[in-house]
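Descriptive analysis of the structure
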Amino acid sequence: MQAIVEETKRRVIELLYEQHAVKINLEEGFTLKGGTKSPVFVDLGVLVRNPDTRGDIASAFFILLATNHDFDGVVGVVSGGISWASNIANSRVLPLICVHGQPKDYGLYNQIEGGLPMDGIRVLIMDDMITTGNNVLNVVSALRKGEDGKTAQVVGICTVFDWDFPAVNQKFYEAGVKKISLTTCQEVLDYGFENNLLPEDAKPAIEAFRSQYC
């Protein structure tokens, strides 16, 4: 099973390059969430626009989670996690819960849309990307706090891509939250250089970025 998972994760990286999701800008760089400047950016929005690619990513999640049956519901972080959470919830016939990083400032001011279906529900949170981790950790806090006398147990967070910054990983460790991803920044960049998919002149800037943040 582990070999299948590794092959699946490699295929996800291939899809990122095939869909031109990996962007390089050596002159101005990119500003990541939280303000970090990076010479590389991964645009996950391109994965949902193409039906075949979207299906491939969904299949990758199915394989990654095939042996994990420890959750009774799936949480989609608004908005990046909704598509992937819907796939998993539908395939397992489980409740889908949509949660915002912050309570809405209009309407019913909900953070947990529709509320929790039961007290103590074990949930897997799904999002597209982890950068600072602040948004999804706010979701964790909201679920643990709950509402209307119902709370949720968070069994983990699953994403397509994780920048995998050590400082952010420490926050997840302190919060007692396990996170898994289809791929990480390190894996995507290593694959790009090994297969000549990234320009050689980008290597010094990318290595400097990795040395400082990764």
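Just above, that's the structure.
Source: prediction; values computed, not measured.

When its secondary structure is counted, the protein shows eight helices and 10 strands. The C-alpha atoms of the protein give a radius of gyration of 18 Å, which matches the 17 Å a tight globule of 214 residues would have. Structurally, the protein occupies a C-alpha span of about 55 × 35 × 30 Å along its principal axes. Sorting the 214 residues of the protein into buried and exposed places 46% on the buried side. When contacts within the protein are restricted to residue pairs at least 6 apart in sequence, those whose partners lie at least 24 apart make up 63%. Counting every atom, the protein has about 10600 Å² of accessible surface; 49% of that belongs to carbon and sulfur. Taken together, the 19 basic and 27 acidic charged side chains of the protein have centroids lying 4 Å from each other.

Before going further, it helps to examine the side chain of Asp162. Here Asp162 shows up in strand β9 (residues 152-162). Overall, Asp162 belongs to the buried group, its relative accessible area being 4%. Here the side chain of Asp162 touches Asp164 through a polar contact of 2.7 Å, landing on its backbone nitrogen. Not counting chain neighbours up to four residues away, the residues in contact with Asp162 comprise Ile130, Lys179, Ser181, Thr183, Thr184 and Cys185.

Moving on, we get to the packing of aromatic side chains. In the structure shown here, the tally under the stated rule is nine aromatic pairs. On the numbers, 5.3 Å between centres and 90° between planes, the contact of Phe161 with Trp163 is edge-to-face. Here the two residues Phe161 and Trp163 agree in accessibility, since each one is buried. Ring geometry for Phe165 versus Tyr213: centroids 6.2 Å apart, planes at 55°, classification tilted. Placement of the pair is Phe165 in the loop between β9 and α6 (166-175) and Tyr213 in helix α8 (residues 203-213), with a sequence separation of 48 residues. Phe165 sits in the buried class, given a relative accessible area of 8%. Overall, Tyr213 belongs to the partly exposed group, its relative accessible area being 30%. Aromatic rings pair up to connect Phe161, Trp163, Phe165, Phe209 and Tyr213 into one cluster.

Attention now moves to the pattern of salt bridges. By the definition in use, this model includes 10 salt bridges. For Arg10, the salt bridge goes to Glu14, with nearest N and O atoms at 1.9 Å. You can see Arg10 and its partner Glu14 sitting in helix α1 (residues 2-18), four residues apart, about one turn around the helix. Note on Arg10: relative accessible area 32%, which makes it partly exposed. On the basis of relative accessible area, Glu14 is assigned to the buried category, the value being 15%. Between Glu18 and Arg11 there is a salt bridge whose closest N-O contact spans 2.8 Å. Taking the relative accessible area as the measure of exposure, Arg11 reaches 30% and is therefore partly exposed. Because the salt bridges share partners, they merge into one network encompassing Glu7, Arg10, Arg11, Glu14 and Glu18.

Before going further, it helps to examine the packing of helix α7 (residues 185-194) against α8. Interhelical geometry of α7 versus α8 gives an angle of 160° and a closest axis separation of 12 Å. As the angle between them shows, α7 and α8 are arranged roughly antiparallel. Viewed along their axes, α7 and α8 form a crossing whose handedness is left-handed. When α7 is examined against α8, the residues Cys185, Gln186, Leu189, Asp190 and Phe193 are found in contact with a partner set consisting of Lys203, Ile206, Phe209 and Arg210.

With that out of the way, let us pick up the sheet that holds strand β7 (residues 112-113). The mixed open sheet is built from six strands, whose spatial order is β7-β6-β5-β8-β9-β10. Here the strands that pair on one side only, and so sit at the sheet edges, are β7 and β10 (179-184). In this sheet, strand β8 (residues 121-130) lies alongside strand β5 (residues 73-77) in parallel orientation, the contact comprising four bridges. Bridge assignment links Gly76 to a residue of β8, and that residue is Met126. Lying on the sheet, helix α3 (residues 51-64) is in contact with β8, β9 and β10; it crosses β10 at an angle near 135°. Contacts from helix α4 (residues 82-92) reach β5, β6 (96-99), β8 and β9, with the element oriented near 165° to β5.

Calculation criteria
Residues numbered from 1 in each chain as written. Predicted model: local features only at pLDDT ≥ 70, side-chain atom pairs only at ≥ 80, totals over all residues. Heavy atoms only, no water. Helix = DSSP H or I, 4+ residues; strand = E, 2+ residues; numbered from the N terminus. Rg over C-alpha atoms; globule rule 2.2 N^0.38 Å. Buried < 20%, exposed > 50% of the residue type's maximum accessible area, 1.4 Å probe, protein only. Contact = heavy atoms within 4.5 Å. Areas by Shrake-Rupley, 256 points an atom, 1.4 Å probe, with all protein chains shown as cover. Lys, Arg positive; Asp, Glu negative; His and termini not counted. Charge placed at Lys NZ, Arg CZ, Asp CG, Glu CD. Polar contact = N/O pair within 3.5 Å; in protein donor to acceptor, adjacent residues only side chain to side chain. Phe/Tyr/Trp six-rings, centres within 6.5 Å; stacked < 30°, edge-to-face > 60°. Salt bridge = Lys/Arg side-chain N within 4 Å of Asp/Glu carboxyl O. Axes fitted to C-alpha atoms, helices over the stretch in contact; angles between N-to-C directions. Parallel < 35°, antiparallel > 145°, perpendicular 65-115°, else oblique. Left-handed = near helix turned anticlockwise from the far one by under 90°. Pairing = 2+ DSSP bridges.

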